[in-house]
Amino acid sequence: MPLALLALAVGAFGIGTTEFVMMGLLPDVADDLHISIPSAGHLVSAYALGVVVGAPLLAAVTARMSRRTVLIGLMVLFVVGNALSALAPDHHWLLAARFLSGLPHGAFFGVGAVVATGMVAPERKARSVSLMFLGLTVANIAGVPVATLMGQHLGWRATFLGVSVIGLAAIAALAVLIPHDHTHASAGGLRGELAALRSLPVWLALGTTVAGFGALFAAYSYITPMLTDSAGYADTSVTLLLALFGVGATLGNLLGGRLADHAMRGTLFGGLAALFVVLALFPVLMSAPWSAALGVALLGTAAFVTGSPLQLMVMEKASAAPSLASSANQAAFNLANAGGAWIGGLALAAGFGATSPATAGAALAVLGLAVAAAAYAVDRRATAPSRERLVASHVPETTERLHR
């Protein structure tokens, strides 16, 4: 694998850290800015909104630019957003800075996936995407816990300054390691990129992302009350258990990338089926501390097995303009984050019990399987006429040979 993938992974590590660290810093931010915890929670939503808006928008407007230049520019915007977060004088300025920080997130992963797959042989494409995403999953093991501890001991502003430093390191790595000869822009420009979103297979792939990762976030958003109320863990143990989720996600990401290079569709169906099984078993897994820890790790593994095949499928369905479609998949991931958390919250608010968000997630996993099956059926229907024409073209030649 090219060393240039390390530069993409460093950028992904910084992005993953700043995305998830806010959950652990909410009490500190709320106390310092004299706002309530629910008001501080809007900072998480502001970042997600920035991702959803920025992913397709920035990918579209930079369609004719060198992808190497785009990646460096996106990371510069990331550094600026996090530096402004550290310097924000009040809640409203911090909201704006978090929105700005989220803007480059989706486009970076989208354009980065195109660059990563362009640097390797066709049979290693999924693996190259998984290595870029490795930075995101490792951020949950090391980046988020360290950044949270930094915020608790040095102040939350120090956390965002530290993330800015990671961004600067990523800029240097991108400038040095990303080669110029694999970063050409799309020949179709903005019009060609937008045309990719008219394809039904692309929308079905994006729908699979929303439903599949919505299943994850329906449960993961409420993993703390499950661990404390059902499994009996103390609040102080939750951070370590969430690191187990990061370990599982890292293993699932690497496994999914390797398997998808051999059978992309099979890996996707297998991952979604495994996610359904894990979520359906969550009420049992959360009944004891040891099985709860196992369940957290398995949840990360099952969910992130699907990450690389979903990203690659979207890119293949929009092969003429992969940057916008690939970035849109990151927007779909964040819609899954928001939508899954909302659906899991509805189950919890309805009084169905602490593990009910996982049951709701299992239902979303079934929906993801249904959308993936519909995408497969559409693909089969589209390729059937081609196969028929191929067979028909060989019939006259075979008949002629028989007559001879």
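Attention now goes to the overall build of the protein. If you tally the helices and strands in the protein, you get 16 helices and 0 strands. Residues classed as buried in the protein amount to 53% of the 404 residues present. If you take every contact in the protein between residues at least 6 apart in sequence, the share linking residues at least 24 apart comes to 84%. With the model as given, the accessible surface of the protein reaches about 16,700 Å², and the carbon-plus-sulfur share is 71%.

Attention shifts here to the nonpolar core. Residues Leu 216, Phe 282 and Met 286 are the most contacted members of the largest nonpolar core, which totals 53 residues. Among the elements that make up this core, the one with the highest residue count is helix H8 (residues 200-220) (10 residues). Core analysis: the second largest hydrophobic core is formed by 39 residues, Ala 7, Phe 20, Ala 116 and Met 132 among them.

This part is about empty space enclosed by the protein. Taken as a whole and assessed by the stated rule, the structure comprises 4 cavities of 30 Å³ or more. Reported here for the largest cavity is a volume of approximately 140 Å³. The wall of the largest cavity is formed by Phe 133, Leu 136, Thr 209, Phe 213, Asn 253, Phe 304, Gly 307, Leu 310, Gln 311, Asn 329, Gln 330 and Phe 333. Within the residue set of the lining of the largest cavity, elements represented by two or more residues are helix H5 (125-154), H8, helix H14 (307-317) and helix H15 (322-349). Classifying every residue of the lining of the largest cavity gives 6 nonpolar, 6 polar and no charged.

Quick look at the confidence of the model for the protein now. In low-pLDDT segments, the atomic positions of the prediction should not be examined closely. Per-residue confidence for the protein gives a mean pLDDT of 84, with 89% of residues at or over 70. The element-level mean pLDDT for the protein is lowest in helix H7 (residues 189-195), coming to 63, with helix H11 (residues 264-280) highest at 94.

Here the focus is H8. In a regular helix each residue adds 1.5 Å, so 21 residues correspond to 30 Å; H8 covers 30 Å between its end C-alpha atoms and thus fits that length. Helix geometry: H8 is bent most strongly at Gly 214, by close to 25°. Burial runs high along H8: 16 of the 21 residues are buried.

Now for the packing of helix H3 (residues 67-87) against helix H6 (residues 156-177). One can describe the packing of H3 onto H6 by two numbers: an axis separation of 8 Å at closest approach and a directional angle of 165°. With respect to each other, H3 and H6 are oriented roughly antiparallel. For the pair H3 and H6, the sense of crossing is left-handed. Along its contact with H3, which presents Arg 68, Leu 71, Ile 72, Met 75, Val 76, Phe 78, Val 79, Asn 82, Ala 83, Ser 85, Ala 86 and Leu 87, the element H6 presents Trp 156, Arg 157, Phe 160, Leu 161, Val 163, Ser 164, Gly 167, Leu 168, Ala 170, Ile 171, Leu 174 and Ala 175. Within the contact of H3 with H6, the residues separate by chemical class into 18 nonpolar, 4 polar and 2 charged.

With 30 residues, H5 should reach 44 Å at 1.5 Å per residue; the first-to-last C-alpha distance of 41 Å fits that figure. When the local axis directions of H5 are compared, the greatest deviation, roughly 55°, occurs at Ala 139. Positive phi shows up at Gly 155, right after H5, with a value of about 100°.

This next bit is on the environment of Thr 148. Among the structural elements, Thr 148 can be located in helix H5. For the pair Thr 148 and Val 21, spaced 127 residues apart in the sequence, the C-alpha separation amounts to 6.2 Å. Those residues in contact with Thr 148 that lie beyond four places of it in its chain are Val 21, Gly 24 and Leu 25.

Taken together, the side chains of Leu 49, Val 53, Leu 57 and Val 61 define a hydrophobic patch exposed on the protein surface, amounting to about 340 Å² of accessible area. Within the secondary structure, Leu 57 sits in helix H2 (residues 37-61).

Counting across every chain of the model gives 9 aromatic pairs. Aromatic side chains Phe 245 and Phe 304 sit 6.3 Å apart centroid to centroid with 75° between the ring planes, which places their arrangement in the edge-to-face category. On the criterion of sequence distance, the pair formed by Phe 245 in helix H10 (residues 238-260) and Phe 304 in helix H13 (residues 289-305) is long-range, its members being 59 residues apart. The burial state of Phe 245 is the same as that of Phe 304; both residues are buried. Grouping aromatic residues by their ring pairs yields a cluster made of Phe 213, Phe 217, Tyr 220, Phe 245, Phe 304 and Phe 333.

What counts as what
- Residues numbered from 1 in each chain as written.
- Predicted model: local features only at pLDDT ≥ 70, side-chain atom pairs only at ≥ 80, totals over all residues.
- Heavy atoms only, no water.
- Helix = DSSP H or I, 4+ residues; strand = E, 2+ residues; numbered from the N terminus.
- Buried < 20%, exposed > 50% of the residue type's maximum accessible area, 1.4 Å probe, protein only.
- Contact = heavy atoms within 4.5 Å.
- Areas by Shrake-Rupley, 256 points an atom, 1.4 Å probe, with all protein chains shown as cover.
- Core = buried A, V, L, I, M, F, W, Y, C linked by side-chain atoms within 4.5 Å.
- 1 Å grid on protein atoms, 1.4 Å probe; cavity = no way out; pocket = protein on both sides within 12 Å on 5 of 7 lines; lining within 4 Å.
- Points joined across faces, edges and corners; volume = space filled by probe spheres on them.
- Nonpolar A, V, L, I, M, F, W, Y, C, P; charged D, E, K, R; others polar.
- pLDDT = per-residue confidence, 0-100.
- Expected span 1.5 Å × (residues − 1).
- Bend = angle between axes of the 7 residues up to and from the residue.
- Axes fitted to C-alpha atoms, helices over the stretch in contact; angles between N-to-C directions.
- Parallel < 35°, antiparallel > 145°, perpendicular 65-115°, else oblique.
- Left-handed = near helix turned anticlockwise from the far one by under 90°.
- Patch = residues over 30% accessible without salt bridge, like charges linked within 9 Å, V, L, I, M, F, W, Y side chains within 5 Å.
- Salt bridge = Lys/Arg side-chain N within 4 Å of Asp/Glu carboxyl O.
- Phe/Tyr/Trp six-rings, centres within 6.5 Å; stacked < 30°, edge-to-face > 60°.

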